[in-house]
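# Structural overview for review
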Amino acid sequence: MATVPPGIRLLVSFNRDQWYRALTFILTFLLYTSFHLSRKPISIVKSELHKNCSSVNELATIGASSGASSGAGSGQQPSLLTAHLTDMDCSWKPFDKRNYKQLLGAMDYSFLCAYAVGMYLSGIIGERLPIRLYLTVGMLTSGLFTCLFGLGYVYNIHSLGFYIFVQVANGLVQTTGWPSVVTCISNWFGKGRRGLIMGLWNSHTSVGNILGSLIAGYWVSSNWGLSFIVPGLIIAAMGVVCFLFLIEHPNDLKTIHAQNSSPGKRVQDKSWNGVNGHTEMYLQYKEGKAQSYDTELLLPRDSVCVPVQPVVVVKRESEPSPISFMGALRIPGVIEFSLCLLFAKLVSYTFLFWLPLYITKAAHLDAKKAGDLSTLFDVGGIVGGILAGVISDKLGKRATTCAVMLLLAAPTLYGFSMISEFGLGPTIGMLLVCGGLVNGPYSLITTAVSADLGTHKSLKGNARALSTVAAIIDGTGSVGAALGPLLAGLLSAGGWDQVFYMLMTADFLALLLLLRLVMKELTTNKSRPISAVELKEH
């Protein structure tokens, strides 16, 4: 008999629960990757919506000069050539005006403001609806609105109101994503090495940004409408996958396993032959009614009824009710981490929406090369998120880990603004470092910290609070995400240095908001790693 291949031995070494856990990890990773993939194109297409028209104007001037020298008989041709080059080959109306930065910033602001407002409601709604259906609807509608933006190119739409409407609608429906996937992944990974697991899982943000940059960059110069249509189709397709395969909670599998365990003798219901005080009672199988999975495991499979001793039947508690908004705010640490994330996400999303355009202007690269280079910021973000999770697990100090990375991020941002002018090599190195230090705290707060606070001991095991807590933290952060790109659009008119001063100030404010929690962690007599902290299974 041939030996079993080592790969097969590896596969069968995992039990059923581990396979389901791996499926949930990979599926939720891909689902939220598609969310960020569909958000990225706008930052890539900005440099195409408003091109650097200097080269076009030079060509028009040359054409005008050559036309003028050809004689008086063709005196009107230069103006026609100039008009053609300026109107047809330069910018996409209405972003061809001098205030194009403010218009592009308004588009970012409309999306992010709608996202911030919608996020507070999304967590509350998500706790009261099936996560799988809620997330599926959100992904399908997000795909629709992302494609609509791209159809503006196909149908030659130049109305600013149209693009603002699409951005607002897309921002609202995209709020279905984060509370849903965080709740789902936390249901399956309830305790132990949460920082590492969440750090690895949260790399979907950077992976989505990278894929979105590459996909949008492929078509940005030839047909920027496809830069939106293709990501829109991808997130819609992932919505269908979500509907077919997402398992919200391990308990959802118990009914299936109970039915498949003994198809000939399906345990359906329990009833008591006898009344309280009788000397003999029986637990019986009943057909046609529902019975709990736990009861089935206690019943022998080879008999019809089981004599038992007189007992007092205690009715199982009903499902815990969802926590209120104010109740979630009273959880220790929620307010501090929420406000910290406001400034941390302000910095991260300013890079997300404006970095490709900054590279285009500072390094004088075309839209595609700038988009490809900007992905290095997200590569650094992946490493930073994982390191933040590992270090916080090891030390058992979430706030301290975030504070140290924020302290290092501010001078690094200043260094990036200086070094980016000295060539491609230094720019690449600083992009990687900045990505790690900026996205590390952002990743840790939105994942592991949210999960910790959503299962805080003060909740007494009420896991229904997780979605609301995650939505409050990320919703507050999204306020900063809305302000950052808007301020960048306003400040960049006076020079990019002002933008970087704003980003450094935001990092210092985020650090200040964590000081109380940092002091509390450092003064704790006996700190334990997060992996050793007992969290209620949910």
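These numbers come from a predicted model, not from an experiment. (Residues numbered from 1 in each chain as written. Predicted model: local features only at pLDDT ≥ 70, side-chain atom pairs only at ≥ 80, totals over all residues. Heavy atoms only, no water.)

## What to know about the pattern of salt bridges
All chains considered together, the criterion is met by four salt bridges. Lys46 serves as the salt-bridge partner of Asp108, at 2.4 Å between the closest nitrogen and oxygen. A residue pair is termed long-range when its members are at least 10 positions apart, and Asp108 in helix α6 (residues 100-126) and Lys46 in helix α3 (residues 41-49) qualify at 62 residues. With respect to class, Asp108 is no different from Lys46; both count as buried. We note a salt bridge from Lys345 to Asp474, for which the minimum N-O separation is 2.8 Å. Taken together, the residues span a long stretch of sequence, with Lys345 in helix α16 (residues 334-363) and Asp474 in helix α20 (residues 466-491) at a distance of 129 residues. Asp474 carries the same exposure label as Lys345, and that label is buried. (Salt bridge = Lys/Arg side-chain N within 4 Å of Asp/Glu carboxyl O. Helix = DSSP H or I, 4+ residues; strand = E, 2+ residues; numbered from the N terminus. Buried < 20%, exposed > 50% of the residue type's maximum accessible area, 1.4 Å probe, protein only.)

## Some details on unusual backbone geometry
In terms of backbone geometry, most residues other than glycine have negative phi values and most peptide bonds are trans. In this chain, Lys93 is followed by Pro94 through a cis amide linkage whose omega measures 10°. Tracing the backbone through its elements, the reader meets Pro94 in the loop between α5 (77-88) and α6. Residues other than glycine seldom take positive phi values, yet Asn156 does so here, at roughly 55°. Among the secondary structure elements, Asn156 is positioned in the loop between α7 (131-154) and α8 (160-173).

## A word on the confidence of the model for the protein
Averaged over every residue, the pLDDT of the protein is 77; the share at 70 or more is 73%. Looking across the protein, the model is least confident in helix α14 (residues 293-298), with a mean pLDDT of 43, and most confident in helix α12 (residues 226-245), with 96. The model gives residues 55-64 a pLDDT under 50, and that stretch makes 10 contacts with residues more than four places away or in other chains. Predicted confidence for residues 529-538 stays below pLDDT 50, and this span has 25 contacts to residues more than four positions away or in other chains. (pLDDT = per-residue confidence, 0-100. Contact = heavy atoms within 4.5 Å.)

## Quick look at the packing of aromatic side chains
The full count for this structure, using the stated rule, is 24 aromatic pairs. With a centroid separation of 6.2 Å and an interplanar angle of 50°, the aromatic rings of Phe351 and Phe416 are classed as tilted. Linking Phe351 in helix α16 with Phe416 in helix α18 (residues 398-419), this pair joins segments that are 65 residues apart in sequence. When its relative accessible area of 1% is taken as the criterion, Phe416 is described as buried. One aromatic cluster is present, built from ring pairs that chain together Trp92, Phe95, Phe149, Tyr153, Phe162, Tyr163, Trp224 and Phe228. Residue placement shows Arg21 over the ring face of Phe189; its charged tip is 5.8 Å from the ring centre. Cation over ring: Lys46 sits above Trp354, and NZ or CZ is 4.0 Å from the ring centre. (Phe/Tyr/Trp six-rings, centres within 6.5 Å; stacked < 30°, edge-to-face > 60°. Lys NZ or Arg CZ within 6 Å of the ring centre and 35° of its normal.)

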